[in-house]
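Structural overview for review
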Amino acid sequence: MTTLRVGVGSGNPVKRRAVELALGSAADADLPGAPTGVAIESVPVDSGVSEQPRGHAETIAGAENRAAAVLDASPSDGDAATFDLGVGVEGGVAGFDGTDDRYLIMWAAVTDGDRVGRGAGPSLALPASVAARLADGAELGPVMDDLLDTEGVAERGGAAGALTAGRVDRAEALAAGVSGALGPFVSDLY
């Protein structure tokens, strides 16, 4: 194998950037098949979960569904070859034992069709006013757009960037989850 073909199960440029960051930090020898290069392509696929995943289980399922679905998709170059790895990234909202707060959570899944790796990015407490709107059924992206008087925050700095005044870069935060999910593919410890 000369080029590792990686499909990202989303059309969101921030999620693609997260995969680029995660794979860019890995030495070629550590990647499956010791490729000489990596080709990353965004492929919009259905997550199979609600638009606003709630809870860890639903968020993880969305990431896994995206990773699996992209393996069934055809690369845009028309090549008959499929992707070597499928990557799914999903953001959600959930609670944690020991606190009453609601959190923005991030999960990633990587699969080669046989194995699945999972990893999480950082979790950020949501302001009470945001959590209340989510409890009423709203989605985080539109709530943040409303609060910030903007559009498309999910495809830029995201809630993570807004809630931390830019201290948490959304692509870098998601890349941490993707890097964790790559573990079974780059480490002999699994």
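Considerations on the nonpolar core
Residues Val6, Val19, Leu104, Leu140 and Val178 are the most contacted members of the largest nonpolar core, which totals 36 residues. When residues of this core are assigned to their parent elements, the largest contribution, six residues, is made by helix 6 (residues 170-181). Not counting the four nearest positions on each side in its chain, Val6 is found in contact with Val19, Leu23, Val38, Ala39, Ile40, Glu41, Phe83, Leu85 and Val87. Listed in part, the six residues of the second largest apolar core include Val43, Val70, Leu71 and Phe83.

Remarks on the pairing of strand 3 (residues 85-94)
The buried count for strand 3 comes to nine of 10 residues, which makes it a mostly enclosed element. In this structure, strand 1 (residues 3-8) lies alongside strand 3, joined through three bridges in parallel fashion. Within the sheet, the bridge partner assigned to Val8 lies in strand 3 and is Val87.

Regarding helix 6
If you check helix 6, its first and last C-alpha atoms are 17 Å apart, about what 12 residues at 1.5 Å a residue would give, namely 16 Å. Along helix 6, the positions that sit buried rather than exposed are Arg170, Ala171, Ala173, Leu174, Ala175, Gly177, Val178 and Ala181. Of the residues flanking the start of helix 6, the one acting as N-cap is Asp169, its side-chain oxygen 3.1 Å from the backbone nitrogen of Ala171.

Description of the packing of aromatic side chains
A full pass over the atoms with the stated rule returns one aromatic pair. A centroid spacing of 5.1 Å and a plane angle of 85 degrees characterise the contact between Phe96 and Tyr103, whose relative ring orientation is edge-to-face. A residue is classified by how much of its surface remains accessible, and Tyr103, at 16% relative accessible area, is buried.

Digging into the pattern of salt bridges
Side-chain pairing between opposite charges can occur once the charged atoms of the two side chains come close. Considering all chains together, one arrives at six salt bridges under this definition. When the shortest N-O distance is used, the salt bridge between Glu20 and Arg16 registers 2.9 Å. In this pair, Glu20 and Arg16 are both assigned in helix 1 (residues 13-24), four residues apart and thus about one turn of the helix distant. What emerges from the salt-bridge pattern is a single network uniting Arg16, Arg17 and Glu20.

Regarding the confidence of the model for the chain
Should pLDDT be low for a region, the predicted coordinates there are not to be read in detail. Here the chain averages 89 in pLDDT, while 92% of its residues score no lower than 70. Confidence, read as mean pLDDT per element, is least for helix 5 (residues 158-163) in the chain (86) and greatest for strand 5 (residues 116-120) (98).

Quick look at the packing of helix 1 against helix 6
Taken N-terminus to C-terminus, the directions of helix 1 and helix 6 make an angle of 55 degrees; their axes are 8 Å apart at the nearest point. Classified by the angle their axes make, helix 1 and helix 6 are oblique. Seen along the crossing, helix 1 lies across helix 6 with a hand that is right-handed. Residues Val14, Lys15, Arg17, Ala18, Val19, Leu21 and Ala22 of helix 1 form the contact with helix 6, whose participating residues are Arg170, Ala171, Glu172, Leu174, Ala175, Val178 and Ser179. In terms of residue class, the contact of helix 1 with helix 6 is made up of nine nonpolar, one polar and four charged.

Structural notes on the side chain of Gln52
Mapped onto the elements, Gln52 comes out in the loop between strand 2 (37-42) and helix 2 (56-72). When its relative accessible area of 9% is taken as the criterion, Gln52 is described as buried. A polar contact is formed between the side chain of Gln52 and the backbone nitrogen of Leu140, at a distance of 2.7 Å. Leave out the neighbours within four places in its chain, and Gln52 touches Glu58, Gly91, Gly92, Val93, Leu134, Ala138, Glu139 and Leu140.

Calculation criteria
Residues numbered from 1 in each chain as written. Predicted model: local features only at pLDDT ≥ 70, side-chain atom pairs only at ≥ 80, totals over all residues. Heavy atoms only, no water. Core = buried A, V, L, I, M, F, W, Y, C linked by side-chain atoms within 4.5 Å. Buried < 20%, exposed > 50% of the residue type's maximum accessible area, 1.4 Å probe, protein only. Helix = DSSP H or I, 4+ residues; strand = E, 2+ residues; numbered from the N terminus. Contact = heavy atoms within 4.5 Å. Pairing = 2+ DSSP bridges. Expected span 1.5 Å × (residues − 1). Polar contact = N/O pair within 3.5 Å; in protein donor to acceptor, adjacent residues only side chain to side chain. Phe/Tyr/Trp six-rings, centres within 6.5 Å; stacked < 30°, edge-to-face > 60°. Salt bridge = Lys/Arg side-chain N within 4 Å of Asp/Glu carboxyl O. pLDDT = per-residue confidence, 0-100. Axes fitted to C-alpha atoms, helices over the stretch in contact; angles between N-to-C directions. Parallel < 35°, antiparallel > 145°, perpendicular 65-115°, else oblique. Left-handed = near helix turned anticlockwise from the far one by under 90°. Nonpolar A, V, L, I, M, F, W, Y, C, P; charged D, E, K, R; others polar.

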